[in-house]
Amino acid sequence: MKKIAVLGSGNGSNFEAIVKYFKYKDVCFTCISDKIQAYILERAKILGVERHFVPYDETFNYLKKNDFDLIVLAGYMRILPSEIVNSFKIINIHPSLLPEFKGMSAIEQAYNAKVKTTGVTVHYVNEEVDAGEIIAQVQVPIEKAMTVEQLEEKIHSAEHYLYPRVLESLLYGTPLKIKEPQTC
Ligand code: GRF
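What comes next is a walk through the structure. (Residues numbered from 1 in each chain as written. Predicted model: local features only at pLDDT ≥ 70, side-chain atom pairs only at ≥ 80, totals over all residues. Heavy atoms only, no water.)

**Thoughts on the side chain of Ser96**
Thought 1: Mapped onto the secondary structure, Ser96 falls in the loop between strand 5 (90-94) and helix 5 (106-112).
Thought 2: We classify Ser96 as buried; its relative accessible area is 0%.
Thought 3: Beyond its immediate chain neighbours, meaning those up to four positions away, Ser96 contacts Phe101, Ala106, Thr118, Gly119, Val120 and Thr121. (Helix = DSSP H or I, 4+ residues; strand = E, 2+ residues; numbered from the N terminus. Buried < 20%, exposed > 50% of the residue type's maximum accessible area, 1.4 Å probe, protein only. Contact = heavy atoms within 4.5 Å.)

This is the structure we're talking about:
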C-alpha cells in the first residue's frame, strides 16, 4: 500500500481528480490543509479520505511523523521552507509551461501575453518558487476567440489529466503514458 499526502489550501479539484484516478489502486491518501475552511477538506470528507487541518508551522513535524511515499502539492499556497523541501520528495503542479509564467495568476499571465500555446507542468519542489526540476508538461493551445475563462477550464482539464498519471509513474516506476499534448 502506497501512501500519498496531498497538501492544498483551496478548491481541491486536482486532489479530487487524483483520488478518483487511484480509486481501484492500492493507494492510501491523506489530505492536509493549512486552511481550516478550505474546500479541499470538504472534498476529502465527501470522498471518504482521511483529512487534517495542519497549520503551516506544524507541517514539518506532521510530515516527519508520517511515512509518505509521495508528498503532493495541489494548490498549496505557502512556500515550504528548506528543512521541508530538503527532507522529502515533493511534487507540484503549475498552470503554465514552466519556466514561463511562474507565480500567481499564471493562466492570466499567459493569456495576456497572447502566446499561442500555454500548458501545465508537474515538477519537483525546491527552495525557489516554481523552479524545481520539470517532470512532465502538456501543452494547451490558446485559440483566437478563446476567453480567459475557457482557457482556465482547458488548463484545469489538462491538470486533472496529467497529474494522476505522473504520480502513478513516479509511484510505481512505470513509463509515463500520456496522449498527444494537443488533445488535452
Ligand atoms: C491549480 O491550477 C494548480 O496548478 C495550482 O493551483 C491550482 C489548484 O487548483 N498550483 P485546485 O485547488 O486543485 O482546484
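**Digging into the site of the ligand**
Thought 1: All residues adjacent to the ligand are Asn11, Gly12, Ser13, Asn14, Gly75, Ile93, His94, Pro95, His156 and Glu159.
Thought 2: Between the ligand and the protein, one listed contact pairs an oxygen atom with a side-chain N or O atom of Asn11 at 3.2 Å.
Thought 3: The separation between an oxygen atom of the ligand and a polar side-chain atom of Ser13 is 2.5 Å.
Thought 4: Residue assignment for the shell around the ligand shows that the elements contributing at least two residues are helix 1 (13-21), strand 5 and helix 6 (148-172). (Near = heavy atom within 4 Å. Polar contact = N/O pair within 3.5 Å; in protein donor to acceptor, adjacent residues only side chain to side chain.)

**Points about the sheet that holds strand 7 (residues 134-141)**
Thought 1: Strand order across the open sheet formed by 7 strands is 3-2-1-4-5-6-7, with mixed pairing between neighbours. Among the strands making up the open sheet, the edge pair consists of strand 3 (50-53) and strand 7. Each neighbouring strand pair of the sheet contributes to a mean axis angle of 20°, computed without reference to strand direction.
Thought 2: Taken together, the 7 bridges between strand 1 (residues 2-8) and strand 2 (residues 27-33) define a ladder with parallel strand orientation. Among the inter-strand pairings, Leu7 is bridged to a residue of strand 2, identified as Ile32.
Thought 3: Of the strands in this sheet, strand 1, strand 2, strand 4 (70-73) and strand 5 are in contact with helix 1, which crosses strand 2 at around 170°. (Pairing = 2+ DSSP bridges. Axes fitted to C-alpha atoms, helices over the stretch in contact; angles between N-to-C directions.)

**Details of the pattern of salt bridges**
Thought 1: One pass over the structure, following the stated rule, counts 6 salt bridges.
Thought 2: With its nearest N and O atoms 2.6 Å apart, the salt bridge here joins Arg43 to Glu16. Here Glu16 lies in helix 1 and Arg43 lies in helix 2 (residues 39-47), a separation of 27 residues in the sequence.
Thought 3: What makes Arg43 buried here is its relative accessible area of 14%.
Thought 4: Salt bridges here are not isolated pairs; linked through shared partners, they connect Glu16, Lys20 and Arg43. (Salt bridge = Lys/Arg side-chain N within 4 Å of Asp/Glu carboxyl O.)

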